[in-house]
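What follows is each chain in one-letter form.
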Amino acid sequence: PTPDMTINIEGDAITSIGCTAQTQIPREARVFNIPGKTVMPGLIHCFGNLIGEATSDPMDPLTALPSYAPIRGVPTVRRLLDAGITSCRGIGGPNYAGIALKRAVDHGLIPGPRITASGYALEPVGYQRVWVPPEQYINHPGRCTGPWEVRRAIRMNLLNGADFIGVNVGGAVGSNIPLALETNDWTQEELDAAADEAHRRGVVISADNCYVDELIGMCAKAGFDGIIHGGLVSEREFPAGS
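First, a word on scope: everything that follows refers to the structure included in this document. Here the structure is a predicted model, which is why all the values come from computation and not from measurement. (Residues numbered from 1 in each chain as written. Predicted model: local features only at pLDDT ≥ 70, side-chain atom pairs only at ≥ 80, totals over all residues. Heavy atoms only, no water.)

**Quick notes on the overall build of the chain**
At step 1: Scanning the chain from terminus to terminus reveals 7 helices and 10 strands.
At step 2: Split into buried and exposed, the 242 residues of the chain put 39% on the buried side.
At step 3: In the chain, the proportion of contacts linking residues at least 24 apart, taken out of those at least 6 apart, comes to 63%.
At step 4: Approximately 14,400 Å² of the chain is accessible, and the part contributed by carbon and sulfur atoms is 56%. (Helix = DSSP H or I, 4+ residues; strand = E, 2+ residues; numbered from the N terminus. Buried < 20%, exposed > 50% of the residue type's maximum accessible area, 1.4 Å probe, protein only. Contact = heavy atoms within 4.5 Å. Areas by Shrake-Rupley, 256 points an atom, 1.4 Å probe, with all protein chains shown as cover.)

The following block contains the structure:
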């Protein structure tokens, strides 16, 4: 951190940064004087559920309109921008809402950071993040069984504009039945197919809710690029530097 500095900006580019006493300011420049404040590079938020704000209504999963999902994310991305976050990565979300939100920002319709969106998170059949009556089981394009359905789900995400692929791996919190965090319904063959298909299409793939050694090991073996929520990983299995 350096005090008493001046930043010159032309258009959307920084042209110079230097000590105020030694920096020439163009005569036609618009000057913002902010004593006692700090100017810093934009922050990067590496993981966010941009449209997944909690609701107290237990019927929300059954009654929420698909078109409402990206609208619900509008104030979220504005708050991120106001907090100094200029780039973020949104994983998961129904109806490709994160991709819709990204496009609204890109087109200048709403204020927000640059968004990298994943579309639907891949899940094995039976994986349910919210409680719904059994007869109302909600399926979606990210649910799959077997390597070829995994590949199809990835292709559908990319067809609809996903920037990367996210996969829910560990036990679902808040599902119809209590699931331990180490619960795994994926096979190694399915995870291998997911990583292969993503990389074949030139995008990265991340394992979300990947809590424990066994799950992290399976995803590492498959060649996943990132592990999210690996909070229970042990140094015994994965020592520092490995």
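**Points about the side chain of Glu197**
At step 1: For Glu197, the position within the fold is in helix α6 (residues 188-200).
At step 2: In this structure Glu197 touches Arg151, Ile154 and Arg155, once residues within four positions along its chain are discounted.

**What to know about the environment of Thr6**
At step 1: You can see Thr6 is positioned in strand β1 (residues 5-10).
At step 2: Residue classification places Thr6 among the buried positions, given a relative accessible area of 12%.
At step 3: Note: C-alpha distance between Thr6 and Ile17 (11 residues apart in sequence) is 5.8 Å.
At step 4: Excluding anything up to four places from it in sequence, Thr6 contacts Ser16, Ile17, Gly18, Thr20, Thr23 and Ile25.
At step 5: One polar contact links Thr6 to Thr20, side chain to side chain, over a distance of 2.8 Å. (Polar contact = N/O pair within 3.5 Å; in protein donor to acceptor, adjacent residues only side chain to side chain.)

**Notes on unusual backbone geometry**
At step 1: Notably, Asp4 is not glycine yet its phi reads approximately 55°, a positive angle.
At step 2: By relative accessible area, which is 54% here, Asp4 ends up exposed.

**Considering the sheet that holds strand β3 (residues 43-48)**
At step 1: In spatial order, the strands read β3-β4-β5; together these 3 strands make up an open sheet with parallel pairing. The outermost strands of the open sheet, each flanked by one partner alone, are β3 and β5 (114-117). Geometrically, the sheet is characterised by an average inter-axis angle of 15° between neighbouring strands, direction not taken into account. (Pairing = 2+ DSSP bridges. Axes fitted to C-alpha atoms, helices over the stretch in contact; angles between N-to-C directions.)

**Things to note about the sheet that holds strand β9 (residues 205-208)**
At step 1: With parallel pairing, the 3 strands of this open sheet are ordered in space as β8-β9-β10. Looking at which strands have only one partner, the edges of the open sheet turn out to be β8 (165-168) and β10 (226-227).
At step 2: Direction of pairing for β9 relative to β10: parallel, over a ladder of 2 bridges. Residue pairing for β10: Ala207 is matched across the bridge by Ile227.

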